[in-house]
Structures are given as structure tokens and as C-alpha cells.
Amino acid sequence: MSCSKRDIVISQAVFRAHPRGIPSYRVHISNEGNHPIRNLHFHCGSFGSANLINPKLFQRLKVDDCLVNNGKSLAVGTAIAFTYTNTFMYPLSLSKFTC
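Asker: Give me the lowdown on the nonpolar core, citing residues and values where you can.
Answerer: Ile-29 and Phe-47 are the most contacted members of the largest nonpolar core, which totals 21 residues. Those elements that provide at least two residues to this core are strand 2 (23-31), strand 3 (38-43), strand 5 (65-68) and strand 6 (79-85). Apart from residues lying up to four places away in sequence, Ile-29 is in contact with Ile-8, Val-9, Ile-10, Phe-42, Val-68, Leu-74, Thr-78, Ala-79, Ile-80 and Phe-82.

Asker: Now, about the sheet that holds strand 2: what can you tell me, with residues and values included?
Answerer: The 3 strands lie next to each other as 1-2-6, forming an open sheet whose pairing is antiparallel. In this open sheet, the two edge strands, each paired with only one partner strand, are strand 1 (8-17) and strand 6. Each strand axis lies, on average, 20° off the axis of its neighbour in the sheet, ignoring direction. Examined bridge by bridge, strand 1 and strand 2 share 9 bridges and lie antiparallel to one another.

Asker: Just give me the short version of the side chain of Asp-65, but keep the residues and values in it.
Answerer: Mapped onto the secondary structure, Asp-65 falls in strand 5. Comment: no salt bridge for buried Asp-65; closest opposite-charge side chain is Lys-62, at 4.7 Å. Among the polar contacts made by the side chain of Asp-65, one reaches the side chain of His-41 at a distance of 2.7 Å. Those residues in contact with Asp-65, other than ones at most four positions away along the chain, are His-41, Phe-42, Cys-44, Gln-59 and Arg-60.

Asker: Got a sec to walk through the state of the cysteines? Specific residues and values, please.
Answerer: Note: disulfide means a covalent bond formed between the sulfur atoms of two cysteine side chains. Following the criterion strictly, the structure yields 2 disulfides and no others. Disulfide pairing is shown between Cys-44 and Cys-66; the S-S distance is 2.1 Å. Judged by the sign of its S-S torsion, about 90°, the bond between Cys-44 and Cys-66 is right-handed. Here Cys-44 is found in the loop between strand 3 and strand 4 (58-62), whereas its partner Cys-66 is found in strand 5, with 22 residues between them in sequence. Exposure class is identical for Cys-44 and Cys-66. Each is buried. Shown here for the chain is a disulfide pattern of 1-4, 2-3, where each number marks a bonded cysteine counted in sequence order.

Asker: Tell me about the environment of Ile-8, residues and numbers included.
Answerer: By secondary structure assignment, the location of Ile-8 is in strand 1. Expressed as a C-alpha distance, the spacing of Ile-8 and Thr-98, which sit 90 residues apart in the sequence, is 12 Å. For Ile-8, the residues in contact, after removing those within four places along its chain, are Ile-29, Ser-30, Asn-31, Ile-37, Leu-40, Phe-42 and Leu-94.

Parameters at a glance
- Residues numbered from 1 in each chain as written.
- Predicted model: local features only at pLDDT ≥ 70, side-chain atom pairs only at ≥ 80, totals over all residues.
- Heavy atoms only, no water.
- Core = buried A, V, L, I, M, F, W, Y, C linked by side-chain atoms within 4.5 Å.
- Buried < 20%, exposed > 50% of the residue type's maximum accessible area, 1.4 Å probe, protein only.
- Helix = DSSP H or I, 4+ residues; strand = E, 2+ residues; numbered from the N terminus.
- Contact = heavy atoms within 4.5 Å.
- Pairing = 2+ DSSP bridges.
- Axes fitted to C-alpha atoms, helices over the stretch in contact; angles between N-to-C directions.
- Lys, Arg positive; Asp, Glu negative; His and termini not counted.
- Salt bridge = Lys/Arg side-chain N within 4 Å of Asp/Glu carboxyl O.
- Polar contact = N/O pair within 3.5 Å; in protein donor to acceptor, adjacent residues only side chain to side chain.
- Disulfide = S-S within 2.5 Å.

Pasting the structure below:
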């Protein structure tokens, strides 16, 4: 059996307000399937953050294309998480991946 989009679960929620009053959002991306998944790309619009995000975790490559975990494999049952700060929450959705 191969992997599917349903195996990747993404959630995000308001985390806390930044000292300047800008909200922060916590993003959690996990592999709930039975196979490692790599080259995770997300639709992310013009994603930006007032705080620095480790580019090895999440990086905007171009408009509407963000790479997760530097393209490396996300093992079964594992997750990555990061926090970004912006005046609004970006809609993030899986665009492509490799099993």
C-alpha cells in the first residue's frame, strides 16, 4: 500500500500575541501514514513571518510553494512544528509529496 495525502495532517492555531501585538500561530505537520514521506510541498500563498523560522523546517521557495523539512523524509509517526508571526493566519495545504 502506498501513501496518500490523507497521511499528512496539518493543523495551525493561534499561539500567542507577539510583544508588538501581532499574533503568532503554531503549525504542526505530522505523518500519520504507514510510509515515510519526503519532498513535502505546501500551497502557502505569499507566506511571510515577522519572526525567523528555521528554513530547514519550513521555507517559502516561491509564491505558493513552501518546502517542509528541507525536503527530507518525515518518518512514520513523526511531526515537525514551528511558529510564525503575522497579522493573519496563512491557509496552508499540501500540494505535492513523494512516498
